[in-house]
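Inside the fold
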2 protein chains.
Amino acid sequence: MSNDENIYRQILRAIVEHQLPPGARLPEDRLSEAFGVSRTGIRKVLQRLALEHFVVIEKNKGAQVNRPSEAEASEILDSRILIEPQLIPTLLMHWDETQSKRFRAMAQEEKQAESANLLADSIQLTARFHYELATLSGNKVLAHFIEQLCYRSSLILAAYGTRGSVGCECGDHTQLLDLLDQKDADKAQHWMSHHLKHIKSSLILESKPEENIDFQRLFGR
Amino acid sequence: MSNDENIYRQILRAIVEHQLPPGARLPEDRLSEAFGVSRTGIRKVLQRLALEHFVVIEKNKGAQVNRPSEAEASEILDSRILIEPQLIPTLLMHWDETQSKRFRAMAQEEKQAESANLLADSIQLTARFHYELATLSGNKVLAHFIEQLCYRSSLILAAYGTRGSVGCECGDHTQLLDLLDQKDADKAQHWMSHHLKHIKSSLILESKPEENIDFQRLFGR
DNA sequence: TTCTCTAAAATTGTATACGATATTTTCAAT
DNA sequence: ATTGAAAATATCGTATACAATTTTAGAGAA
């Protein structure tokens, strides 16, 4: 793996795992020092992260971890609700015992990470479950998009998630695996849709009063 | 608009309009000379174009216009077939006479460009019709994804399109607008699905024998 | 203390330098 | 004429330099 790619993944991981919270600044000097490369390489990955909406770069002010707006959060979840259930029929064509075992192992890990309160692992595994499922559909273009949406969802949880609700409380992913084993496309689709809607509704999408205070409207004549 | 963004759009436009055909090399020196900026700025936009799959960057060999594989072409069209019809119900909620007129004007322009054999305009307008429609759904995240897929579709047409089939022969986009005016979601969805499938089936997805010849398999023991 | 203004430090944006790698050209030998 | 090797050229990857801008720190006045 190229060095750039390596740096990219490390920073992305830190953001997705909430080590770098929304709003955190990412000065190029410190990063270049930390990774032992010049600012050139750092700028390259920051620009990539900005394109992917994990950071925001403001001219002359550098990069900071993106704080997704409520609209963005809503749209990301809506996108997943629209696409992920639709992938299930195609995915089922590739579903066999090998896959079933693989995903059950993942779900198991997830459960353990959650009960051990390993937040970082829990976040990673939850996202991974979804996008590996998407990958199984065989459409790499869509799977990559879903992967991005899953990671952005992790960022959303950092901003709007209720404490401890990294995953979903409505049972767990093994329920979906049962339906897939039964090759019940309809029920599996319905479950996925419900699952994502549940996550969306669990977000606290309330205006954070601290930012974007419109003093003009508040106090202006 | 920032200067980088400007350069980005100009190069993207040249690629999408088939001014720069798949495989064309993009030497940083020439571009920096042409745009009057240093290689730094050029590299920035080339890296962005690479992330968006419009160009491919090979280590120490620079960038060239991407030649989408058959698999990639197929997946992009499949993604559009999956998503775009699904956007229609949401889109219809925002459909009114203003929009109808706007899109009819666009369809008209399209027809004119096509009959005048203005390939570049024709390509742009066809793509724009689709992603502006997606934008109307209100979901910017999805609309942006569709926009990218539309542009990549233009690149696909450059590689696999039958001569003169930039658009779709099955009538034209005004048919869809009629259905939208009637608020007939079902028929509009069906039309969109058919439209995209037609485009996909019109591609000549045959192995190009010139490249990737496996001499080992051919002649090796 | 609290505010404002100014100087210092930090940080970013862009160009350039230079070693490393790839490509092309040249030219001799078969 | 074709092949192959070697030099010359072109191109890329990375670090660095420097001007422009922002942020921070500090001194003085109310």
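As a reminder, the structure under discussion sits directly above these lines.
First, a word on what this report is: a plain description of the structure on this page. (Residues numbered from 1 in each chain as written. Chains lettered and ligands numbered in written order. Predicted model: local features only at pLDDT ≥ 70, side-chain atom pairs only at ≥ 80, totals over all residues. Heavy atoms only, no water.)

If you rotate chain A by 180° and push it 0.0 Å along the axis, it lands on chain B with an RMSD of 0.0 Å. Here the transformation between the copies is reduced to the relation of a two-fold axis. (Least-squares fit on C-alpha atoms with pLDDT ≥ 70 in both.)

Across a sheet, strands are paired by hydrogen bonds formed along the backbone, either parallel or antiparallel in direction. Residues and elements named next belong to chain A. With antiparallel pairing, the three strands of this open sheet are ordered in space as S1-S3-S2. What marks the edges here is a single partner per strand, and that holds for strand S1 (25-26) and strand S2 (55-58). Both S1 and strand S3 (residues 62-65) contribute to a ladder of two bridges, which runs antiparallel. Within S3, the position partnered with Leu-26 by the bridge is Ala-63. (Pairing = 2+ DSSP bridges. Helix = DSSP H or I, 4+ residues; strand = E, 2+ residues; numbered from the N terminus.)

Residue and element names in this part refer to chain A. For the pair helix H5 (residues 97-115) and helix H8 (residues 173-181), interaxial distance at closest approach is 9 Å and the crossing angle is 165°. The pairing of H5 with H8 is recorded here as roughly antiparallel in orientation. Two packed elements cross with a definite hand, and for H5 against H8 that hand is left-handed. Across the interface between the two elements, Ser-100, Phe-103, Arg-104, Ala-107, Glu-110 and Lys-111 of H5 pack against His-173, Thr-174, Leu-177, Asp-178 and Asp-181 of H8. (Axes fitted to C-alpha atoms, helices over the stretch in contact; angles between N-to-C directions. Parallel < 35°, antiparallel > 145°, perpendicular 65-115°, else oblique. Left-handed = near helix turned anticlockwise from the far one by under 90°. Contact = heavy atoms within 4.5 Å.)

Strand order in this open sheet of three strands is S1-S3-S2 (chain B), and the pairing throughout is antiparallel. If you trace the sheet from one side to the other, it starts and ends with strand S1 (25-26) and strand S2 (55-58) of chain B, each paired once.

Tallying each qualifying case throughout the model produces seven aromatic pairs over all chains. The interplanar angle of 40° and the centroid separation of 5.6 Å between the aromatic rings of Trp-95 of chain B and Phe-103 of chain B together place this pair among those described as tilted. Residue Trp-95 of chain B shares its accessibility class with Phe-103 of chain B, and that shared class is buried. With a centroid separation of 5.6 Å and 90° between ring planes, the pair formed by Phe-103 of chain B and Phe-129 of chain B is classed as edge-to-face. Here Phe-103 of chain B, found in helix H5 (residues 97-115), pairs with Phe-129 of chain B, found in helix H6 (residues 119-135); they are 26 residues apart in sequence, far enough to count as distant. Aromatic rings pair up to connect Trp-95, Phe-103 and Phe-129 of chain A into one cluster. The side chain of Arg-48 of chain B reaches across the aromatic face of Tyr-8 of chain B, ending 3.5 Å from its centre. (Phe/Tyr/Trp six-rings, centres within 6.5 Å; stacked < 30°, edge-to-face > 60°. Buried < 20%, exposed > 50% of the residue type's maximum accessible area, 1.4 Å probe, protein only. Lys NZ or Arg CZ within 6 Å of the ring centre and 35° of its normal.)

Residue and element names in this part refer to chain B. With the rule as written, the count across this model stands at 31 salt bridges over all chains. Residue Arg-152 pairs with Glu-72 through a salt bridge whose shortest N-O separation is 3.0 Å. Placement of Arg-152 in helix H7 (residues 140-160) and of Glu-72 in helix H4 (residues 70-93) is noted, with a sequence separation of 80 residues between them. Here Glu-72 falls in the buried class, since its relative accessible area comes to 15%. Asp-78 serves as the salt-bridge partner of Lys-200, at 2.9 Å between the closest nitrogen and oxygen. Note that Lys-200 is positioned in helix H9 (residues 185-202) and Asp-78 in helix H4, a separation of 122 residues in sequence. (Salt bridge = Lys/Arg side-chain N within 4 Å of Asp/Glu carboxyl O.)

Our next topic: helix H7 (residues 140-160) of chain A. Side chains of residues three or four places apart in an α-helix project in the same direction, reflecting 3.6 residues per turn. All names here are of chain A. For H7, spanning 21 residues, the distance from its first C-alpha to its last is 29 Å, which sits close to the expected 30 Å at 1.5 Å a residue. Most of H7 sits inside the fold, with 17 of its 21 residues counted as buried. Put simply, Asn-139 is the residue that caps the front of H7, since its side-chain oxygen is 3.1 Å from the backbone nitrogen of Val-141. (Expected span 1.5 Å × (residues − 1). Polar contact = N/O pair within 3.5 Å; in protein donor to acceptor, adjacent residues only side chain to side chain.)

This paragraph deals with unusual backbone geometry. In terms of backbone geometry, most residues other than glycine have negative phi values and most peptide bonds are trans. A positive phi angle is found at Asn-117 of chain A, which is not glycine, with a value near 60°. Along the chain, Asn-117 of chain A turns up in the loop between H5 and helix H6 (119-135). Given a relative accessible area of 69%, Asn-117 of chain A falls into the exposed group. With a phi angle near 70°, His-53 of chain B is a residue other than glycine that sits in the positive phi range. Using a relative accessible area of 31% as the deciding quantity, one classes His-53 of chain B as partly exposed.

Looking at DNA strand C, there are 14 residues lining it, with Arg-30, Arg-39 and Arg-43 of chain A together with Ser-38 and Thr-40 of chain B nearest. Close to the protein, within 4 Å, the atoms of DNA strand C belong to sugar or phosphate groups at a rate of 71%. Arg-30 of chain A is positioned with one of its side-chain polar atoms (N or O) 2.6 Å from a phosphate oxygen of DNA strand C. A distance of 2.9 Å is found between a base nitrogen of DNA strand C and a side-chain nitrogen or oxygen belonging to Arg-39 of chain A. Of all elements in the fold, only helix H2 (28-35) and helix H3 (39-51) of chain A reach the threshold of two or more residues within the surface near DNA strand C. Partitioning the surface near DNA strand C into residue classes produces two nonpolar, five polar and seven charged. (Near = heavy atom within 4 Å. Nonpolar A, V, L, I, M, F, W, Y, C, P; charged D, E, K, R; others polar.)

Grouped together as the largest cluster of nonpolar side chains are 84 residues, with contacts concentrated most on Leu-49, Ile-83 and Ile-146 of chain A together with Leu-49, Ile-83 and Ile-146 of chain B. Excluding its chain neighbours within four sequence positions, the residues that come into contact with Leu-49 of chain B are Tyr-8, Ile-11, Leu-12, Phe-54 and Val-55 of chain B. (Core = buried A, V, L, I, M, F, W, Y, C linked by side-chain atoms within 4.5 Å.)

Okay, the interface of chain A and chain B next. The partner chain B presents 21 residues to the 21 residues of chain A that form the contact. Between chain A and chain B lies a buried interface of about 1800 Å² when both sides are counted; carbon and sulfur atoms form 67% of it. Summed over the three residues of chain A that lose the most area to chain B, namely Glu-75, Leu-82 and Val-141 of chain A, the buried surface amounts to 31% of that side. For the pair chain A and chain B, the interface holds zero salt bridges. On the surface where chain A and chain B come into contact, there are eight residue pairs in polar contact (both at pLDDT 80 or more). Put simply, the parts of the chain that give the side of chain A that touches chain B at least two residues each are H3, helix H4 (70-93) and H7 of chain A. A total of eight residues in the side of chain A that touches chain B trace back to one element, the largest contributor, which is H4 of chain A. (Buried area = accessible area lost by both parts, 1.4 Å probe.)

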